[in-house]
Protein chains: 2
Amino acid sequence: MHATARAHTNIALIKYWGKKDDQLKLPCNSSLSMTLDAFYTETKLTILDADQPNRFYLNGQEQSLKASQRVVNYLRVLQERFNLSGNFLIESTNHVPTSAGLASSASAFAALAASFNAAYELNVDLTELSRIARLGSGSATRSVYGGFVEWQAGDSDENSIALPLAEHPKMDLTLLAVEIETAKKSISSTKGMNLVVETSPYYATWVEQAELNIGQMKMAIAANDFSAVGHLAQQNALAMHALNLTADPGFTYFQPETIRAMQLVAELNQNGVECYFTMDAGPNVKILTQLKNVEEIIQRFKNDLPHVKIVKATFGPGIEILDK
Amino acid sequence: MHATARAHTNIALIKYWGKKDDQLKLPCNSSLSMTLDAFYTETKLTILDADQPNRFYLNGQEQSLKASQRVVNYLRVLQERFNLSGNFLIESTNHVPTSAGLASSASAFAALAASFNAAYELNVDLTELSRIARLGSGSATRSVYGGFVEWQAGDSDENSIALPLAEHPKMDLTLLAVEIETAKKSISSTKGMNLVVETSPYYATWVEQAELNIGQMKMAIAANDFSAVGHLAQQNALAMHALNLTADPGFTYFQPETIRAMQLVAELNQNGVECYFTMDAGPNVKILTQLKNVEEIIQRFKNDLPHVKIVKATFGPGIEILDK
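Overview of the interface of chain B and chain A
As a measure of interface size, the accessible area lost when the parts come together is often cited.
Item 1. Counting residues at the interface gives 19 residues for chain B, matched by 19 residues for chain A.
Item 2. Among the elements of the structure, α5 (203-222), α6 (226-245) and α7 (256-270) of chain B are those that each provide at least two residues to the side of chain B that touches chain A.
Item 3. By residue number, the principal contributor to the side of chain B that touches chain A is α6 of chain B, which donates six residues.
Item 4. Here the side of chain B that touches chain A is built from residues that sort into nine nonpolar, seven polar and three charged.

In structure tokens:
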């Protein structure tokens, strides 16, 4: 019994920031993302007899018991859900270069969920797949589909699910992942969002605003309005990073070069090169732009910040089963 | 008829950010400041006959009609209020070095208000002086008194006034003004706060929180609790800068080195050197610390950011009449 699945990572244009249930990973607000073609995880899951030990290989390297724990625990949760047994051989390859500054947990847990479903021949539908991906990592919920995807917050395991908004959008939209820094470990997204939920007096407004933003973003997508998508994504990202400043104690993912990148985006726009930025729980900046502007933006960043790496992406597909 | 007055500038520990009346400069929230000994303006005001032209000298340089307009207009507002006449010779000296990164309008308009009161022998009390200073510049309201000062927001000209909280505080509190940048002109404080009031969905929470912060800060001052004063000041400053990110379009006064300075403050605290930061409508950072830590902090900043200038200050006095 084995199966191999591929899942692409995604970038949230309306961010997930704050959980109302740690176990079920129920978010306080809905989020909306773009699945990315350039970054993905391929995972082969083989079900072993219960007397064989669990083994986890990541990029060809066998992982320690400790490093395997989150993945094995996750698969145990899924086994409980479906009343299944067996141990695991997990072979994952991450095509999410560190230099992209994108979290690989979205693609990793979506690929695990999909390979689990296929290996045990459960034949769950994509909605249920988005639920079980969520149990591994919140953002994995959205990686079940390609294109633009909404993760409806819901208030239970049943209704906290992903929905495809447009699997193959016609929008001319390119993402440039600008690597500011890979070394320094900052506060994890889980720790950051929990601190915000617990201490920021501004959090309730964030939740309200995020729900409004979802509606606005859907309208912008339906109207194929790149400018509105970019502007909304930038405003929402800034609000998320503003929230972090209002936690107690306040904190930030900004690095000095994050500010420089934000200034470069402003300067490019002043020079007629339309682009927007978004940022997750780290210092790296992701530029949203259109094809005609890609080369000029890359050149401008390479001039001003010569050591940064830039990786280009556009819409990617949802979950794929490669082998069974 | 002439008089010379001296007023010191102040740093808000709980910030004024947003007006509910542009003309009367009534703020949306109360603020609380520390008057600073190191930075002040001295202004000699001479009342001239109405047939003599207005003249304004700043640091010994005669100013153009255009550059004099705000000051002359302000004195006209005061003349109307008290039914007075005459033209003006204004001779101001600003001892607020640009390198300190502190606005000189607080000390400038407080000194103008005081010299006006003295030159015309109006003998208004300090409460009325804080009202008329407010008409020149909001933050000038607080420069009427020394030490810790509260500016009660109020809802009319009558009750939007400064009150001294502690004219000669016993607190061991030093401010280090770290100059990040003097050249680049960013969005003015008036423009910034107006954009926030008009567009940020988070503004109502700011107003509520600022009023809470005022109460907390008064308790911390009464308890002579430096740590609480510093922590509250830093949290309040971060919230103000967070608000700016949530305006539409979002903006920031942060420069790359602002982030570096914030990181240095975090690192100093991790090494047992207690200090906090605050920031106004610009990239410069002001460190709040105690005497025993001043030299170590200055050294640390000079090592990491060799080109910055650092100016030291502590509590300064309220308005003084030097000559009549």
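A closer look at α7 of chain B
Item 1. Between its first and last C-alpha atoms α7 of chain B spans 22 Å; for 15 residues at 1.5 Å apiece the expected length is 21 Å, and the two agree.
Item 2. Buried within α7 of chain B we find P256, E257, T258, I259, A261, M262, L264 and V265 of chain B.
Item 3. Elements in contact with the buried residues of α7 of chain B: α7 (256-270) of chain A together with β10 (174-179), β11 (276-278), β12 (285-289) and α8 (294-304) of chain B.
Item 4. With its phi angle positive at about 85°, G272 of chain B sits one or two positions after the end of α7 of chain B.

Examining the relation of the copies chain B and chain A
Item 1. For the pair chain B and chain A, the relating rotation is 180°, the translation along its axis is 0.0 Å, and the fit reaches an RMSD of 0.0 Å. Overall, the copies show the geometry of a two-fold rotation axis.
Item 2. Comparing interface residues between copies, 100% of those in chain B also sit at the interface in chain A, which points to an isologous, same-surface contact.

Things to note about unusual backbone geometry
All names here are of chain A.
Item 1. With an omega dihedral of 0°, the bond running from D248 to P249 counts as a cis peptide bond.
Item 2. Looking at the element boundaries, P249 is found in the loop between α6 (226-245) and α7.
Item 3. Here the phi dihedral of K25 falls at roughly 50°; this positive angle occurs in a residue that is not glycine.
Item 4. Here K25 is to be found in the loop between β2 (19-21) and β3 (26-27).
Item 5. The class of K25 is buried, set by 23 C-beta atoms lying within 10 Å.
Item 6. A positive phi is found at E121, a non-glycine position, where the angle reads about 50°.
Item 7. Tracing the chain through its elements places E121 in the loop between α2 (105-119) and α3 (126-134).

Brief notes about the packing of α7 of chain A against α7 of chain B
Item 1. α7 of chain B packs onto α7 of chain A with a crossing angle of 160° between their chain directions and a minimal axis gap of 7 Å. For the element pair α7 of chain A / α7 of chain B, the angle class is roughly antiparallel. Note that α7 of chain A runs across α7 of chain B; the crossing there is right-handed. Residues P256, E257, I259 and R260 of chain A of α7 of chain A form the contact with α7 of chain B, whose own contacting residues are P256, E257, I259 and R260 of chain B.

Brief notes about the sheet that holds strand β13 (residues 309-313) of chain A
Residues and elements named next belong to chain A.
Item 1. Read from one edge of the open sheet, four strands run β11-β12-β10-β13, paired in antiparallel fashion. The sheet is open, and its two borders are formed by β11 (276-278) and β13, each paired with just one other strand. Strand-to-strand twist in this sheet, taken as the mean axis angle between neighbours without regard to direction, amounts to 25°.
Item 2. As paired strands, strand β10 (residues 174-179) and strand β12 (residues 285-289) are joined by five bridges and run antiparallel to one another. Its bridge partner being in β12, L176 is matched across the sheet by I287.
Item 3. Strands in contact with α6 are β11 and β12; relative to β11, the strand with the most contacts, it is inclined by about 40°.
Item 4. Against the sheet, helix α8 (residues 294-304) touches β10, β12 and β13, its axis set at about 10° to β10.

Calculation notes
- Residues numbered from 1 in each chain as written.
- Chains lettered and ligands numbered in written order.
- Predicted model: local features only at pLDDT ≥ 70, side-chain atom pairs only at ≥ 80, totals over all residues.
- Contact = placed C-beta atoms within 7 Å.
- Helix = DSSP H or I, 4+ residues; strand = E, 2+ residues; numbered from the N terminus.
- Nonpolar A, V, L, I, M, F, W, Y, C, P; charged D, E, K, R; others polar.
- Expected span 1.5 Å × (residues − 1).
- Buried ≥ 20, exposed ≤ 12 C-beta atoms within 10 Å, placed from the backbone.
- Least-squares fit on C-alpha atoms with pLDDT ≥ 70 in both.
- Axes fitted to C-alpha atoms, helices over the stretch in contact; angles between N-to-C directions.
- Parallel < 35°, antiparallel > 145°, perpendicular 65-115°, else oblique.
- Left-handed = near helix turned anticlockwise from the far one by under 90°.
- Pairing = 2+ DSSP bridges.

Nothing here speaks to function; it is all geometry.
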